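# Structure assessment
Listed below, chain by chain, are the residues.
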Amino acid sequence: MVRVAGVTKRYAGAVACQDVSFQLERGRFLTVLGPSGSGKTTILRAIAGFLVPDEGRIEVHGVPVENLPPYRRKVGMVFQKLALFPHLSAAENVAYPLRMRHFPKDQIPERVERYLELVKLGGLGQRRIHQLSGGQQQRVAIARALVFEPDLLLLDEPLAALDRKLREEMQLEFRRIQQELGVTTINVTHDQREALVMSDRVIVMEGGRVRQDAPPDVTYGRPADRFVASFLGLTNFLRGELVGRGPDGHASVRVGGQDLQARAPAIDLVPGAPVDLAVRAERVRVCQEGGHVAILEEAIFEGDRRVLGVRLPELGDARMQLFDFSQLDRGSFMAGRSIRITWSPEDMLLFPADQRGGNA
Ligand SMILES: Nc1ncnc2c1ncn2[C@@H]1O[C@H](COP(=O)(O)OP(=O)(O)O)[C@@H](O)[C@H]1O
Ligand SMILES: [Mg+2]
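Now for a look at the structure at hand. Keep in mind that what you see is a predicted model, and the values were worked out from it rather than measured. By convention here, each chain's residues receive numbers from 1 onward along its written sequence. Numbering of ligands from 1 and lettering of chains from A proceed in the order in which they are written. Thresholds applied to this predicted model are a pLDDT of at least 70 for local features of residues and 80 or more for the giving and counting of side-chain atom pairs; totals over whole chains, interfaces and linings are not thresholded and use all residues.

Okay, helix 1 (residues 40-48) next. Because an α-helix completes one turn every 3.6 residues, residues spaced three or four positions apart along the sequence face the same direction. Of all nine residues that make up helix 1, seven are buried, and the element is covered over most of its length. Think of it as a crowd count around each C-beta: if 20 or more other C-beta atoms lie within 10 Å the residue is buried, if 12 or fewer it is exposed, and in between it is partly exposed, with C-beta placed from the backbone throughout. Helical segments are the DSSP runs of H or I of at least four residues, strand segments are the runs of E of at least two, and each set is numbered from the N terminus. Regarding helix 1, the residues found buried are Lys40, Thr41, Thr42, Ile43, Leu44, Ala46 and Ile47. Just downstream of helix 1, Gly49 is the residue with a positive phi angle, here 85 degrees.

This is the structure we're talking about:
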């Protein structure tokens, strides 16, 4: 359905995206996830045909995008700025793309109502845009992007401006509509939760490059590199030195004079190489014996849990965070108290050391 091959775009010396390649099958929901400035919008605009890459090719349905004038492309789009017509009603906004495409006039009202119902705005078509809430306006924009039944839906952070509760509702709503219609969708966001909740596949970008392209559970559970591990979830990193690899697919890493076991990556690393170990906060647990001594330093109350910050004297005073879901009253936390924590070697990931960061 969509084929992006080796796309590079430069602006006056700066590279917006570099050698980006991926393919997307019909009916799938892909999210491009990355921090601000990582090249997400550039890729989306190139797919929409608004921007010509310096290198590489983009095909939609086997046709290079530059061969089709914009009005012939069957692409629906929703951006952060919704660009609704404020002086028109919701129904007139949704009808607009149909009029542009010379859709039979007598069929327009029925089609518009069907799409307003799809986004749960049935009966509200006569309202002006300013008479609708933020979430309702969002739905009008979705209906307008879908009403002409595009082959491809492109979303550029359309939920970013909404408050958290509404944003989380709309994530599920988007997913429902996408599955109902089976429309091939590419969504762009910097919000990891959104990527994990909505997508069949996630492409993680940083500095204009693709860092990982995988289903959401793989992206989260088996991050391809240190950047992906740090961008998704709350991750503890430990700087160490590779001791060696065992025959069982594990590696031994020395951290502050102790040897820790980690899941060995497929890449080649020689003993003595500096490495970063990574373990998710939710994989670290408090234990009665064994494990490692940890000194409590802080507790952040988040309502449904506390995030405990600890220091590990046996591991070169590395700092780690873990979650505490016990319903203890807040007074039970005592800075300086010593506890024991542990994790499974399966949950300890190993990456080549990143020069930008050590223990953190
Ligand atoms: N029109 C432009 N002129 C100059 N630089 C640009 C332009 N558009 C994007 N860039 C630069 O390219 C990089 C990627 O931008 P963008 O694709 O908008 O990232 P994202 O959408 O991930 O925030 C950024 O460093 C940005 O400053
Ligand atoms: Mg952007």
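From this point, the discussion proceeds with the structure in view.
This part covers the site of ligand 1. Proximity of a residue to a molecule or strand is defined by its backbone-placed C-beta atom lying within 6 Å of that partner. For ligand 1, the full set of nearby residues is Tyr11, Ala14, Ala16, Gly34, Ser36, Gly37, Ser38, Gly39, Lys40, Thr41 and Thr42. For the shell around ligand 1, the secondary-structure elements that each account for two or more residues are strand 2 (14-24) and helix 1. In terms of residues, the shell around ligand 1 owes the most to one element, helix 1, which gives three residues. Looking at the shell around ligand 1 residue by residue, the classes come out as three nonpolar, seven polar and one charged. Throughout this entry, Asp, Glu, Lys and Arg are counted as charged residues, while Ala, Val, Leu, Ile, Met, Phe, Trp, Tyr, Cys and Pro are counted as nonpolar. The remaining residues, Gly among them, count as polar.

Turning to the environment of Gln126, a few remarks are in order. If you trace the backbone, Gln126 turns up in the loop between helix 3 (108-118) and helix 4 (134-146). By the C-beta count within 10 Å, which is 10 here, Gln126 ends up exposed. Along the chain, Gln126 and Leu153 lie 27 residues apart, while their C-alpha atoms are 25 Å from each other. Working definition of a contact: two residues with C-beta atoms, positioned from the backbone, lying within 7 Å. Every residue in contact with Gln126, bar those within four places of it in the chain, is listed here: Ser89 and Ala91.

To continue, consider the packing of helix 2 (residues 90-100) against helix 4. Between helix 2 and helix 4, the shortest axis-to-axis distance is 7 Å and the interhelical angle comes to 25 degrees. If you check the angle between helix 2 and helix 4, you find them roughly parallel. For the pair helix 2 and helix 4, the sense of crossing is right-handed. On the side of helix 2, the interface is formed by Ala90, Asn93, Val94, Tyr96 and Pro97, while helix 4 contributes Val140, Ala143 and Arg144. Residue classes in the contact of helix 2 with helix 4 are distributed as six nonpolar, one polar and one charged. To get an axis, fit a line to the C-alpha atoms, keeping to the stretch in contact for a helix; angles then go from 0 to 180 degrees between the N-to-C directions. If an angle is under 35 degrees, it is roughly parallel; if it is over 145, roughly antiparallel; if it lies from 65 to 115, roughly perpendicular; otherwise it is oblique. We call a crossing left-handed when the near helix sits turned anticlockwise from the far one by less than a right angle, and right-handed when that turn is clockwise.

What follows covers the sheet that holds strand 8 (residues 184-189). Here the rule is simple: two strands pair whenever DSSP picks up at least two bridges between them. On the basis of which strands lie adjacent, the open sheet formed by six strands has the order 6-7-8-3-9-10 and mixed pairing. What marks the edges here is a single partner per strand, and that holds for strand 6 (75-79) and strand 10 (209-214). Strand-to-strand twist in this sheet, taken as the mean axis angle between neighbours without regard to direction, amounts to 15 degrees. For strand 7 (residues 152-156) and strand 8, the ladder comprises five bridges, and the chain directions are parallel. Each bridged residue has a counterpart across the sheet, and for Leu153 the counterpart in strand 8 is Thr185.

In space, the five strands of this open sheet follow the order 15-19-16-17-18, with antiparallel pairing throughout. Sheet topology places strand 15 (285-287) and strand 18 (318-324) at the edges, where each strand pairs with a single neighbour. Taking each pair of neighbouring strands and ignoring which way they run, the sheet shows an average axis angle of 50 degrees. Inspection of the sheet shows strand 16 (residues 292-301) paired to strand 19 (residues 338-342) by four bridges, in the antiparallel sense. When the bridges of strand 19 are listed, His292 appears paired with Ile341.

The next point concerns the nonpolar core. Ranked by internal contacts, the top residues of the largest apolar core, which has 86 residues, are Ile47, Val94, Leu116, Ala143, Val253 and Leu277. Each residue touching Leu277, except ones within four places of it in the same chain, is listed here: Phe237, Leu238, Gly240, Val253, Val255, Leu260, Ala262, Met348, Leu349 and Leu350. Joining buried Ala, Val, Leu, Ile, Met, Phe, Trp, Tyr and Cys residues through C-beta atoms within 7 Å gives a set, and that set is a nonpolar core.

Between its first and last C-alpha, helix 5 (residues 164-181) extends 26 Å over 18 residues, near the 26 Å set by a 1.5 Å rise per residue. Taken residue by residue, helix 5 has Met170, Gln171, Phe174, Ile177 and Gln178 as its buried positions. Seen along its axis, helix 5 keeps its buried residues to an arc of 140 degrees; they face one direction. Seen from the buried face of helix 5, the exposed residues on the opposite side, beyond 90 degrees, are Lys165, Leu172 and Glu180. Against strand 3 (29-33), helix 3, helix 4, strand 8 and helix 6 (192-198) lie the buried residues of helix 5. Looking one or two residues past helix 5, Gly182 carries a phi angle of roughly 65 degrees, positive in sign. For a helix, the expected span equals 1.5 Å multiplied by the number of residues minus one. Arc definition: directions from the helix axis to the C-beta atoms.

Keep in mind that these numbers describe shape and distance, not what the molecule does.
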